[in-house]
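# Overview (structure and organization)
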Amino acid sequence: NGLKKRFCVCCCACRSHVAGQVLYRSKRGWVWNQFFVIEEYTGPDPVLVGRLHSDVDSGNGNIKYILSGEGAGTIFVIDDKTGNIHATKTLDREEQAQYTLTAQAVDRDTNKPLEPPSEFIVKVQDINDNPPEFLHGPYYARVPEMSNVGTSVMQVTATDADDPTYGNSARLVYSILQGQPYFSVEPQTGIIRTALPNMDREARQEYDVVIQAKDMGGHMGGLSGTTEVKITLTDVNDNPPKFPQSVYPMSVSEDKVPGEEVGRLKAKDPDLGDNGLVNYRLVDGDGMNMFELSVDSETREAVIKLKKMVDFETKRSYTLKVEGSNPHVDPQFLAWGPYKDEATIKISVEDADEPPVFVAPSYTFEVEENAPEGTLVGRVHAKDTDVANNPVRYMIPRYTDVEQFFAINTEDGMITTMRPLDRETQNWHNISVSATEIDTKVRVNIKVKDVNDNPPEFATNNEVLMCESVAPGKVIETVSAVDKDEMAHRQHFTFSLAPEVAHNNNFSLKDNRDSTASIYVLRKGFSRLTQDVYYLPIEINDNGFPAMSSTNTLTIRVCSCDSKNTILSCNVEPYVLPAGLSTGALIAILACIVILLAIVVLFVALRRQKKEPLIVFEEEDIRENIITYDDEGGGEEDTEAFDIATLQNPDGANGFLPRKDIKPELQYPLRPGGRPAANSVDVDDFIKTRIAEADSDPTAPPYDSIQIYGYEGRGSLAGSLSSLESVTTESDLDYDYLQSWGPRFKKLADLYGTKDCSIHDGDDGEDS
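Residues numbered from 1 in each chain as written. Predicted model: local features only at pLDDT ≥ 70, side-chain atom pairs only at ≥ 80, totals over all residues. Heavy atoms only, no water.

An unreviewed UniProt entry lists the protein chain under the name Cadherin 11, type 2, OB-cadherin (osteoblast), with Sparus aurata given as the organism.

Along its length, the protein chain carries eight helices and 40 strands. Within the protein chain, the fraction of its 768 residues that count as buried is 32%. Across the protein chain, the fraction of contacts at a sequence separation of at least 24, relative to all contacts at a separation of at least 6, is 66%. With the model as given, the accessible surface of the protein chain reaches about 48400 Å², and the carbon-plus-sulfur share is 52%. (Helix = DSSP H or I, 4+ residues; strand = E, 2+ residues; numbered from the N terminus. Buried < 20%, exposed > 50% of the residue type's maximum accessible area, 1.4 Å probe, protein only. Contact = heavy atoms within 4.5 Å. Areas by Shrake-Rupley, 256 points an atom, 1.4 Å probe, with all protein chains shown as cover.)

In total, this model carries two disulfides according to the counting rule given. Through a disulfide, Cys 467 is tied to Cys 561; the S-S separation comes to 2.0 Å. Note on the Cys 467 and Cys 561 pair: the S-S dihedral is about -85°, so by sign convention the disulfide is left-handed. On the criterion of sequence distance, the pair formed by Cys 467 in strand 33 (residues 464-467) and Cys 561 in strand 39 (residues 549-561) is long-range, its members being 94 residues apart. (Disulfide = S-S within 2.5 Å.)

As for its placement among the helices and strands, Ser 253 is situated in strand 16 (residues 247-253). Between the alpha carbons of Ser 253 and Val 349 there is a distance of 5.6 Å; along the sequence they are 96 residues apart. Not counting chain neighbours up to four residues away, the residues in contact with Ser 253 comprise Val 310, Glu 350 and Ala 352. In this structure the side chain of Ser 253 is engaged in a polar contact, spanning 2.5 Å, whose partner is the side chain of Asp 255. (Polar contact = N/O pair within 3.5 Å; in protein donor to acceptor, adjacent residues only side chain to side chain.)

Further remarks concern the side chain of Asn 239. When you line up the elements, Asn 239 lands in the loop between strand 15 (224-234) and strand 16. Within polar-contact distance, the side chain of Asn 239 engages the side chain of Asp 271 at 2.9 Å. Not counting the four nearest positions on each side in its chain, Asn 239 is found in contact with Glu 202, Asp 269, Pro 270, Asp 271, Asn 326 and Tyr 339.

Moving on to the pattern of salt bridges. Tallying each qualifying case throughout the model produces 20 salt bridges. The residue Asp 80 makes a salt bridge to Arg 108 at a minimum N-O spacing of 3.4 Å. In this pair, Asp 80 is assigned in the loop between strand 5 (76-78) and strand 6 (84-87) and Arg 108 in the loop between strand 7 (98-107) and strand 8 (118-125), connecting sequence segments 28 residues apart. Ionic pairing is found between Glu 424 and Arg 423, a salt bridge with its closest N-O pair at 3.4 Å. Exposure remark for Glu 424: the relative accessible area of 21% places this residue in the partly exposed category. On the basis of relative accessible area, Arg 423 is assigned to the buried category, the value being 7%. One salt-bridge network, held together by shared partners, links Glu 261, Arg 264, Asp 296 and Glu 301. (Salt bridge = Lys/Arg side-chain N within 4 Å of Asp/Glu carboxyl O.)

Below, the discussion takes up helix 5 (residues 583-609). Compared with an ideal rise of 1.5 Å per residue, which puts 27 residues at 39 Å, helix 5 spans 40 Å between its outermost C-alpha atoms and is within 8% of the ideal. By the criterion of burial, helix 5 is predominantly exposed, with just zero of the 27 residues buried. (Expected span 1.5 Å × (residues − 1).)

Across all of its chains, the model carries 15 aromatic pairs by this definition. Aromatic side chains Phe 526 and Tyr 534 sit 5.5 Å apart centroid to centroid with 90° between the ring planes, which places their arrangement in the edge-to-face category. Take Tyr 534: its relative accessible area is 8%, and that puts it in the buried class. It is Lys 315 that lies over the ring of Tyr 318; its NZ or CZ is 5.3 Å from the centre. Above the face of the Phe 526 ring, Arg 523 is positioned so that its terminal group lies 3.9 Å from the ring centre. (Phe/Tyr/Trp six-rings, centres within 6.5 Å; stacked < 30°, edge-to-face > 60°. Lys NZ or Arg CZ within 6 Å of the ring centre and 35° of its normal.)

Turning our attention to the sheet that holds strand 34 (residues 475-482). Sheets are built from strands that pair by backbone hydrogen bonding, the pairs being arranged parallel or antiparallel. Taking strand neighbours across the sheet as the criterion, the four strands line up as 32-34-37-36 in an open arrangement whose pairing is antiparallel. Every other strand in the sheet has two partners, leaving strand 32 (457-458) and strand 36 (507-511) as the edge strands with one partner each. In this sheet, strand 37 (residues 516-521) lies alongside strand 36 in antiparallel orientation, the contact comprising five bridges. In the strand pairing of strand 37, Asp 511 is matched with Ala 517. (Pairing = 2+ DSSP bridges.)

Our next topic: the side chain of Asp 269. With respect to the helices and strands, the residue Asp 269 is situated in the loop between strand 17 (261-265) and strand 18 (279-284). Within the structure, Asp 269 has its side chain in polar contact with the backbone nitrogen of Asp 271 (distance 3.0 Å). Polar side-chain contacts of Asp 269 include one of 2.9 Å to the side chain of Asn 326. With residues up to four places along the chain from it excluded, the contact list for Asp 269 reads Asn 237, Asn 239, Pro 240, Pro 241, Asn 275, Gly 276, Val 278 and Asn 326.

Across the sheet, which stays open at both edges, the three strands sit in the order 10-13-12 with antiparallel pairing between neighbours. Both edges of this open sheet fall to strand 10 (152-155) and strand 12 (183-185), since each of them pairs with a single strand only. Here the strands of the sheet are splayed against their neighbours by 20° on average, with no regard to which way each runs. Note that strand 10 and strand 13 (residues 191-194) share three bridges and pair antiparallel. Bridge pairing links Met 154 to Ile 192 in strand 13. (Axes fitted to C-alpha atoms, helices over the stretch in contact; angles between N-to-C directions.)

To continue, consider the environment of Gln 404. Position of Gln 404 relative to the elements: it lies in the loop between strand 27 (393-395) and strand 28 (406-408). For Gln 404, a relative accessible area of 38% corresponds to the partly exposed category. Considered as a pair, Gln 404 and Met 418 are 14 residues apart in the sequence and their alpha carbons are 7.1 Å apart.

Topologically, Lys 64 is positioned in strand 4 (residues 63-69). Overall, the relative accessible area of 26% leaves Lys 64 in the partly exposed class. Taking the C-alpha atoms as reference points, Lys 64 and Ala 105, 41 residues apart in sequence, are found 5.7 Å from one another. Discounting chain neighbours no more than four positions away, the residues touching Lys 64 are Asp 80, Gln 104, Ala 105, Val 106, Arg 108 and Asn 111.

Our focus in this paragraph is helix 6 (residues 683-696). Here helix 6 is 14 residues long and its end C-alpha atoms lie 20 Å apart, about the 20 Å a rise of 1.5 Å per residue gives. The set of residues buried in helix 6 consists of Val 683, Phe 686, Thr 689 and Glu 693. The buried residues of helix 6 all sit within an arc of 120° when viewed along its axis, so they share a single face. Away from its buried face by more than 90 degrees, helix 6 exposes Lys 688 and Asp 695. (Arc of directions from axis to C-beta.)

Remark: a regular strand shows side chains that alternate across the two faces of the sheet. As defined by bridge partners, strand 11 (residues 173-178) adjoins strand 14 (residues 206-214) across five bridges and the pair is classed as antiparallel. Counterpart to Tyr 174 in the pairing with strand 14 is Ala 213. Relative to strand 15, strand 14 is paired through nine bridges, and the arrangement is antiparallel. Bridged to Asp 208 within strand 15 is Lys 230.

Taken together, the side chains of Tyr 737, Trp 741, Phe 745, Leu 748, Leu 751 and Tyr 752 define a hydrophobic patch exposed on the protein surface, amounting to about 600 Å² of accessible area. Considering the arrangement of structural elements, one finds Tyr 737 in the loop between helix 6 and helix 7 (746-753). (Patch = residues over 30% accessible without salt bridge, like charges linked within 9 Å, V, L, I, M, F, W, Y side chains within 5 Å.)

Following Gly 137, the chain continues into Pro 138 via a peptide bond in cis, with omega recorded as -5°. Residue position: Pro 138 is located in the loop between strand 8 and strand 9 (139-144). In this structure, Pro 181 follows Gln 180 across a cis peptide bond, with omega equal to 5°. Topologically, Pro 181 is positioned in the loop between strand 11 and strand 12. Even without being a glycine, Met 146 presents a positive backbone phi close to 60°. Looking at where Met 146 falls in the secondary structure, it is placed in the loop between strand 9 and strand 10. By relative accessible area, Met 146 is classed as buried at 9%.

This is the structure we're talking about:
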């Protein structure tokens, strides 16, 4: 109440209509701290929300009003003098429904609060600016066919973003725009229901329904939204099966065998799945014992098959009655039944030229092995069932008796052997016999009877491993035997040691009387270093008729074992080979040594075949040295400054140079006086002499040699290139033009420009 005395907030709506009653209503307890502003206002001027006024405000402008909170300064602004609050932006209730603001009055000069802060709310008043929306559309629904009127299909729900608490902006009403007269919708709930009875899936399966939701209670001016609902009718068993024909004619030849198909028929049922499933059965007819019915699992057809062979001469036609029915019947539609149908099948038997028929489907005979050629095995018999009763001829197809063990009499079917048979090689012979009027075959199985003609032998030929430390009396092996012959009733094998080892000191044998025998050790102290293998011959008797026996050798190997009698090694090699090296490792080492030796020998051989240098020099050839002198020398005629002896080969000064590639046939001594003196000034003669010696000496080096000497020779056509000498020679050149080249060429012009004077002066001097 104190707050109300201090502040007065005037709503713009109240001021515009009953402005004079604002203060009066406040005194009556009007809630001043909550008022409204309409959303989506698009006018040119800001909306006046309300006005703040304090009791201490005398109107002289000393009070300043301050607004803070949500949207203060951006959405809501206040006139700090009058306290008027305006909304400067368009508001959307769906974005924010209300704003909380705080108002305060302060002294304009000192900013000292004159009133405590007061909080108030600005609510955004809703308008109908949002249409209804179906958030989960489009919808899909299923309803059984033949449903009663009013059966619920599904419920659709629309949402409206407008304020449901204010006006009718969010009050929705549903209606159906498409799908009548088959379906309807409840206006308030949006539940879709069937509107027509007996809607048949077989006539139409799918329906497209459009539902509208409209706000403002469905009145004019309201906004609306639509959605599509696809409704599918599901199947029920409302259709009985029906055979397209009442009578089905079929035929079968008398030569068909049981199990062969005679014909097919199918009842139609437009229902789906289990509702359209049809079961078939034979219910009547004179052919129920001759024919049988089955159902194809893929096509769901009734298949009529031959159960027994038919005979044209005995009966030429049969009749069957087939029933097709639904196994799954809906009790709701029992009155629509019955859910079954019947059809008649008439089967005619066709005549066929039948082949001879053997009296038995197969024959089994026995014959003893090793029976002589021509022994009778047995007889087969076939007859012609036709009225003509033609004679039958017999034969054995060669592909069933490739090795031709048997022969048959073509007239009476007697089978005989063509050579002795061995049961151990082949104990059964399966052949075929053909009887022709028309090709007919019967299987004949001939078993070869056994004769005891094979001795028994060990069942396995494995070695027996025995520890060195085996104790006397221990069983080291139990042996058994096999026999290729058949064992007669109560026939068994007996075992004994061969006579030559019957009194040995190492092993003994005990017959267990169950076709096995145990081997015992008689002593201890076996050593594989002394003897690692023992051979024990054993006689085996099969007690047959006639009795057969054989001697088989049992190999017993002595092995090294640990304290638990676990075999460690049964070979002698580990005691012979060096520790840590196996046979493979030694072979690899030897192979490496042999390869290294071969490489060394090959390298030495190649070194010996390599040629040595043709000339042996004790020191480097003098021609490979460069001798540098720092003096200029005295010219071409000065022979004292250079010793010509250095041009000679020091190695050949006292004899011939040896050649390494050939052996000289002649030895040429040096001609006296042939070599010029070392100090001779005639260098030209010296060079010519050396060339002649090289051309005629077979021991000279076999390679070409180029030697260059700084000697021009006598009478050389080349003149001197010295610039000093050019001063004293006569020249026709005129160097007066050097005077015009400037001060840089003054010295040169003086030297060549005064040529005549200097030369003449010199000449005059000489002449005088």
